[in-house]
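# Observations on chain architecture
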Amino acid sequence: MAKESPSSSSSMPSVLRAYAAPIFIFVLAMFFQLFLLPRSFPTSHYDGTISLSLLYCPTHYVYCLTGISSDLSFFSVCGFLVLGVKTYGSEDDVREAYEAIASKWNSDSGDARPADFIKIQYAYELLTNPVWKRDYDLYGIDESLHIIEELEKQYSVEDFAKIKTPLLEAVSYEPEHEGFMAITSQDFASKFQDSKPWLIQLYSSGSNSSAQFSMAWRRIVDLLDGVANHAMVELGDVRLVTYLAEKKTTGQVLFRNGTLSLYSVCQEPRQENEMRERSRSKTNHIRNFHGCTLICKAAGRIVSKSYRFFHVMVPKFLAKVPPNKVRVILFSQTGERATPSVRQAAKDYWNFASLTYVLWREEDASFWWNALEVESAPAMVIMKDPGLKPVVYHGSGNRTWFLDILEQNKQLQLPQLSSTTSMELGCDARGYSRAGFETATWYCAVLVGRQSTELNKMRETMCRVQDALSNHDESDEASKDPSAASAHKNKRLTLAWLDGEVQSKYCFFYVQSETSYDTCGTRKSPIDVPRILIIRYHRNATESANVEKKSSNWPKTVWESEADDVDPAAQLVVSYDGPAETPEIIKWLSKMVEDGDSKNLPFYRAKTPELVPESAEPMRSGVPKSVKATQALLRLWNRIKDYLEDPRMGPTLLLGALLSAGSVWWTRSRATQQPVQTTQQSSTNQSDNNIDDCLQTEEEEKKKERKREQRRRNAKGEEAPASITDNEPKDAVQILSSGSDSD
């Protein structure tokens, strides 16, 4: 016995270690079932019971509903908000129960407390209002529950007769009266006729929160103007509400923010499936909607993520915007993020303009006034060509005002000749003039050069030339050189600039000189020489027909086919070699236009190199990683809370504890039986091996004995010869005689 004690004492810790996991899961199941789960199910205003629970009080067991109890002290001791009415009872049952309790309520008896009266009065008012009762029965919504705690603190030491009734204020909210659109399950499918997403608010006609949220909803509707559609759904439409609302793990409808819940519904093209996303019911969070929530992942983070200050404006924005795009700066005093309409506009005009926000501060006012002539915020500044004065708009307008300004200023004053603008500008031999298809002769004056200070100065000069041609007064006799101005007015003359480094092939095609490398291609020297070219385009239907007819009389070879693959319009190019002064350039342009219109110039056609597409600035679309991480953590936390409120978790954990304990017991029992089985198996294997060895030895002895016996029998029959030559074959013949010489 003395030897067994240490063994038993040492086995107990090992048993506890082995069963640690089942014990932990069992304790967790009991803690969940006895502490966490009851808190997740508030007491009922009908009978005071907690759903899915069997509660014990010192003198009573309560399960479901037993009717009206005359022992009012029982209900107050257990702390229940009860009327003693069956769950989902009618309004008449509630009134009857309330009258029965009120008739037995004696304020002079000293048994009644203000807290009891507040709870019962609150339950009575809640369950006799048809809309409140419907929301409470169907969805468990009780948005005024905080009033009970507030009134208990207010009337904790006073007589309940001094409590002012009614405790709740009835509200009637109709969104149609305020111009909002309400939809039902009958017309829900017919509303999704376009590709715009929908933002839907679930509301209750008797909810005070819904009525107070109407002003914020109005602001949200204004922010989503032109970006997303909006609608409202009343909680009485159970079918549609169940479809839109979030679900618990048990499948029950869940409203995390009460009746103020917003849902976005997007209809993806080619896939007629709706996507739903819950959002907080705050106006500021509407600005942060990404992906399907607002524009189905179309706009994303197009404008700058954060507000910029003057000391980072140049390196972070102005220096990084491509030279072919307009810079748009929006000043704000509040620091709020870009509205959805601004984000959508930034996406639509991405190829033309880059937008950023600047936070207005009074200490920076002098800087902004000297740099951009901005007096105050809100303001909008548009910066175009280098050297031009920025265009400033003060004040905040609506979406239409903002889009009109962007449309008017989306192009640079001196447009860039690129693959996307060549046809629009009329600077393409495969296209037509801006004046129309009937125009046979038109011109394009192009400033060619690499990005440099010299090119920016020449762009300023060309902008002044364009302004002078646009503002030319034909009635002024003192005005000179009307030819270029007239052609510009009639849209036969277009001014543009070309990046000679990006469009190197196109540039070398027109600038054919010994110094063309100073203008076109990659910079190989510190010299940059911008050039002004005028290209004359001419279409002649007769000449084109003759050339085609002549070429069609004989079969074409490979080289002839390539030679005939030319542009339909003839081109002649002249380079300007004069001073960089506005009057001289205008004079030269006018002379070129006059000569091109009056002289019979040769009809020469060639194949113009294709314009290389400009490397577009990457669009930062989609949801930022930080926002994705935050949303993922929020979804995970919400999922954990949902599981903590799931009544199935307790039994599931208990079942897991039992299965774990059974697995541990089975493993330990197998481990105990393993040594005995191993010993028996080893002894059995040893005996089997001995028997096999004996049998093998006997078999070998028998084989040896048979071999010895065979040799003895062979030895008795005939003796072996001494040599193989001693035996004479049977058919042997002696050839030589005995008396031969060999003897």
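The structure presented is a predicted model; accordingly, all values stated were derived computationally and were not measured. (Residues numbered from 1 in each chain as written. Predicted model: local features only at pLDDT ≥ 70, side-chain atom pairs only at ≥ 80, totals over all residues. Heavy atoms only, no water.)

Now for the overall build of the protein chain. Across its full length, the protein chain holds 24 helices and 16 strands. Within the protein chain, the fraction of its 743 residues that count as buried is 38%. Taking all contacts inside the protein chain whose residues are at least 6 apart in sequence as the whole, residues at least 24 apart take part in 73%. By element, 53% of the accessible surface of the protein chain is carried by carbon and sulfur atoms, the whole surface being about 43,900 Å². (Helix = DSSP H or I, 4+ residues; strand = E, 2+ residues; numbered from the N terminus. Buried < 20%, exposed > 50% of the residue type's maximum accessible area, 1.4 Å probe, protein only. Contact = heavy atoms within 4.5 Å. Areas by Shrake-Rupley, 256 points an atom, 1.4 Å probe, with all protein chains shown as cover.)

Below, the discussion takes up empty space enclosed by the protein. All told, the structure shown has six cavities of 30 Å³ or more when counted by the stated rule. The computed volume of the largest cavity comes to approximately 120 Å³. For the largest cavity, the lining is made up of 13 residues, of which Leu126, Trp132, Ile141, Asp142 and Glu143 are closest to its centre. Looking at the lining of the largest cavity, the elements with two or more residues in it are helix 5 (114-128) and helix 6 (130-139). Two domains each provide a minimum of three residues to the lining of the largest cavity, namely domain 1 (79-162) and domain 2 (176-280 + 287-302). (1 Å grid on protein atoms, 1.4 Å probe; cavity = no way out; pocket = protein on both sides within 12 Å on 5 of 7 lines; lining within 4 Å. Points joined across faces, edges and corners; volume = space filled by probe spheres on them. Domains from an automatic or database assignment.)

In this section: the packing of aromatic side chains. Following the criterion strictly, the structure yields 16 aromatic pairs and no others. Ring geometry for phenylalanine 509 versus tyrosine 510: centroids 5.0 Å apart, planes at 85°, classification edge-to-face. Measuring from centroid to centroid gives 5.0 Å for tyrosine 576 and tryptophan 588, while their planes differ by 50°, and the two rings are tilted. Highlighted residues: tyrosine 576 in the loop between strand 16 (570-575) and helix 22 (582-598) and tryptophan 588 in helix 22, separated in sequence by twelve residues. These aromatic residues form a ring-pair network of at least three members: Phe331, Trp360, Phe367 and Trp368. For lysine 325, the ring lying beneath its charged end belongs to tryptophan 350, and the centroid distance is 4.2 Å. Of note, arginine 459 hangs over the ring of tryptophan 497, and the distance from its end group to the ring centre comes to 4.3 Å. (Phe/Tyr/Trp six-rings, centres within 6.5 Å; stacked < 30°, edge-to-face > 60°. Lys NZ or Arg CZ within 6 Å of the ring centre and 35° of its normal.)

Per-residue confidence for the protein chain gives a mean pLDDT of 76, with 72% of residues at or over 70. This stretch, residues 269-306, has a pLDDT under 50; its non-local contacts, to residues over four places away or in other chains, come to 115 contacts. (pLDDT = per-residue confidence, 0-100.)

Next up on the list: the sheet that holds strand 10 (residues 353-359). Read across the sheet, four strands follow the order 10-9-11-12 without closing on themselves; strand pairing throughout is mixed. For this open sheet the edge positions go to strand 10 and strand 12 (391-394), each flanked by a neighbour on one side alone. Pairs of neighbouring strands in the sheet enclose a mean axial angle of 15°, with direction left out of account. Pairing between strand 9 (residues 326-332) and strand 10: seven bridges, direction parallel. By the bridge assignment, phenylalanine 331 is partnered in strand 10 with valine 358. (Pairing = 2+ DSSP bridges. Axes fitted to C-alpha atoms, helices over the stretch in contact; angles between N-to-C directions.)

Here we take up a nonpolar patch on the surface. There is a patch of nonpolar side chains on the surface, built from Met12, Leu16, Ile23, Phe26 and Val27 and spanning about 460 Å² of accessible area. Elements supplying a minimum of two residues to the nonpolar patch: helix 1 (4-18) and helix 2 (20-40). When residues in the nonpolar patch are grouped by element, the largest group, three residues, is from helix 2. Tracing the chain through its elements places leucine 16 in helix 1. Take leucine 16: its relative accessible area is 48%, and that puts it in the partly exposed class. (Patch = residues over 30% accessible without salt bridge, like charges linked within 9 Å, V, L, I, M, F, W, Y side chains within 5 Å. Salt bridge = Lys/Arg side-chain N within 4 Å of Asp/Glu carboxyl O.)

Within the span of helix 6, buried status applies to Trp132, Lys133, Asp135, Tyr136, Asp137 and Tyr139. Along its buried surface, helix 6 packs onto helix 4 (91-104), helix 5, helix 10 (238-244) and strand 6 (253-254). The distance from a side-chain oxygen at the start of helix 6 to the backbone nitrogen of valine 131 is 3.1 Å, and the residue carrying that oxygen is asparagine 129. Taken from the residues just after helix 6, glycine 140 is the one with a positive phi, measuring 70°. (Polar contact = N/O pair within 3.5 Å; in protein donor to acceptor, adjacent residues only side chain to side chain.)

Let us look at the state of the cysteines. A complete count under the given rule lists two disulfides for this structure. The residue that forms a disulfide with cysteine 427 is cysteine 444, at a sulfur-sulfur distance of 1.9 Å. Between cysteine 427 and cysteine 444, the disulfide has an S-S torsion of 80° and is therefore right-handed. Placement of the pair is cysteine 427 in the loop between helix 16 (422-425) and strand 13 (441-449) and cysteine 444 in strand 13, with a sequence separation of 17 residues. You'll find cysteine 427 and cysteine 444 in the same group, each marked buried. In this model, cysteine 507 is linked to cysteine 520 through a disulfide, with the two sulfur atoms separated by 1.7 Å. On the sign convention where negative is left-handed, the bridge of cysteine 507 and cysteine 520, at about -60° about the S-S bond, is left-handed. Placement of cysteine 507 in helix 19 (residues 504-510) and of cysteine 520 in the loop between helix 19 and strand 15 (531-538) is noted, with a sequence separation of 13 residues between them. By the burial criterion, cysteine 507 is buried, and cysteine 520 matches it. (Disulfide = S-S within 2.5 Å.)

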